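Read off the chains here:
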Amino acid sequence: MGYPLWHVLGSSTPSITNGVVAKATGISEDPGSFQLTAKINKGNSGGPVFDHYGNLLGITVGKLNSDEIKRGNGVAPEDVNFAIHISRINSALKIPDSRPVTNSEPKKFMNSEDIYQMMIGKVVMVAVALE
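Keep in mind it's a predicted model, so treat the numbers as computed, not measured.

A.B. asks: Please clarify how the overall build of the chain should be interpreted in this entry.
C.D. replies: Counting its regular elements, the chain contains four helices and five strands. Taken from N to C terminus, the helices and strands of the chain fall in the order α-β-β-β-β-α-β-α-α. Relative to its full complement of 131 residues, the chain shows a buried share of 27%. Restricting the contact set of the chain to residue pairs at least 6 apart, pairs at least 24 apart contribute 53%. Counting every atom, the chain has about 9,200 Å² of accessible surface; 55% of that belongs to carbon and sulfur.

A.B. asks: Looking at this structure, I do not really get the environment of lysine 23. What am I missing?
C.D. replies: Looking at the secondary structure, you find lysine 23 in strand β1 (residues 21–23). Remark: the alpha-carbon pair of lysine 23 and phenylalanine 34, spanning 11 residues in sequence, is separated by 5.9 Å. Beyond its immediate sequence surroundings of up to four residues, lysine 23 is in contact with Glu29, Phe34 and Gln35.

A.B. asks: Quick question: what am I supposed to make of the packing of aromatic side chains here?
C.D. replies: Two numbers describe a pair of aromatic rings. These are the distance of the centres and the angle of the planes. Enumeration according to the criterion identifies one aromatic pair in this entry. Judged by centre distance (5.7 Å) and plane angle (85°), the rings of tyrosine 53 and phenylalanine 109 are edge-to-face. Of this pair, tyrosine 53 sits in the loop between β3 (48–50) and β4 (56–63) while phenylalanine 109 sits in the loop between α3 (86–92) and α4 (112–119), and the two are 56 residues apart along the sequence. Assessed through its relative accessible area of 38%, tyrosine 53 is described here as partly exposed.

A.B. asks: Sorry if this is basic, but what is going on with the pattern of salt bridges here?
C.D. replies: If charged atoms from side chains of opposite charge come close, those side chains can pair. Going through the model one piece at a time under the given rule, you end up with three salt bridges. Here arginine 88 makes a salt bridge to aspartate 30, at a shortest N to O gap of 3.3 Å. Separated by 58 residues along the polypeptide, arginine 88 in helix α3 and aspartate 30 in the loop between β1 and β2 (33–36) bring together distant segments of the chain. The partly exposed category is assigned to arginine 88, whose relative accessible area is 40%. Its relative accessible area of 26% is what places aspartate 30 among the partly exposed residues.

A.B. asks: Looking at this structure, I do not really get the side chain of serine 33. What am I missing?
C.D. replies: Take serine 33: it is sitting in strand β2. Under the relative-accessibility criterion, serine 33 is labelled buried at 7%. Polar contacts involving the side chain of serine 33 include one to the side chain of aspartate 30, which spans 3.1 Å. In this structure serine 33 touches Ala24, Thr25, Gly26, Ile27, Ala83, Ile84, His85 and Arg88, once residues within four positions along its chain are discounted.

A.B. asks: Honestly, the confidence of the model for the chain in this entry has me stumped. Any pointers?
C.D. replies: Interpretation of the predicted coordinates at a detailed level should be avoided for regions scoring low in pLDDT. Of the residues in the chain, 85% reach a pLDDT of 70 or more, and the chain-wide mean stands at 81. Here helix α1 (residues 6–9) stands out as the element of the chain with the lowest mean pLDDT, 74, in contrast to β2, whose mean of 93 is the highest.

A.B. asks: What's the story with the environment of methionine 119 in this structure? I'm lost.
C.D. replies: Among the secondary structure elements, methionine 119 is positioned in helix α4. Once the C-alpha coordinates of methionine 119 and methionine 1 are considered, the two residues, 118 residues apart in sequence, prove to be 9.0 Å apart. Apart from residues no more than four positions distant in its own chain, methionine 119 is found in contact with Met1, Phe50 and Gly54.

A.B. asks: I tried to follow the sheet that holds β2 on my own but got confused; where do I start?
C.D. replies: Working definition: the strands of a sheet are paired by backbone hydrogen bonds and lie parallel or antiparallel to each other. If you walk across this open sheet you meet the five strands as β1-β2-β5-β4-β3, and the pairing is antiparallel. Edge positions in the sheet fall to β1 and β3, since each has one partner strand and no second. In this sheet, neighbouring strand axes are inclined to one another by 50° on average, regardless of whether the strands run parallel or antiparallel. The pairing of β2 with strand β5 (residues 81–85) spans four bridges and is antiparallel. If you follow glutamine 35 over to β5, its bridge partner there is phenylalanine 82.

Thresholds, definitions, all that
Residues numbered from 1 in each chain as written. Predicted model: local features only at pLDDT ≥ 70, side-chain atom pairs only at ≥ 80, totals over all residues. Heavy atoms only, no water. Helix = DSSP H or I, 4+ residues; strand = E, 2+ residues; numbered from the N terminus. Buried < 20%, exposed > 50% of the residue type's maximum accessible area, 1.4 Å probe, protein only. Contact = heavy atoms within 4.5 Å. Areas by Shrake-Rupley, 256 points an atom, 1.4 Å probe, with all protein chains shown as cover. Phe/Tyr/Trp six-rings, centres within 6.5 Å; stacked < 30°, edge-to-face > 60°. Salt bridge = Lys/Arg side-chain N within 4 Å of Asp/Glu carboxyl O. Polar contact = N/O pair within 3.5 Å; in protein donor to acceptor, adjacent residues only side chain to side chain. pLDDT = per-residue confidence, 0-100. Pairing = 2+ DSSP bridges. Axes fitted to C-alpha atoms, helices over the stretch in contact; angles between N-to-C directions.

The following block contains the structure:
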């Protein structure tokens, strides 16, 4: 969820895209990040990654440079994008790991629209002007 190409698409509401966690670790088997297939465009970095229960899994950080890899290997990878695990962020901010409270009521599996509606007022865009 984020504000990709906000200067073209607008910045009043975020957009959401679907994807899957393709690998539980990141580049060079980094356990603090994971690979996902959701499209990452300029403006998505820093956006939250949710599971289908609305839990925050991580924060998007970017994608492989397909052009650079193609020049080196002759193949352009597609949809090789990365996010930082929320546990890594919590650790850096010194926030203790929070385990979900268990109760007898099962969590509701949500589609993208449900998650979007639940999170729309909680996802913001931060813009910084550099001089």
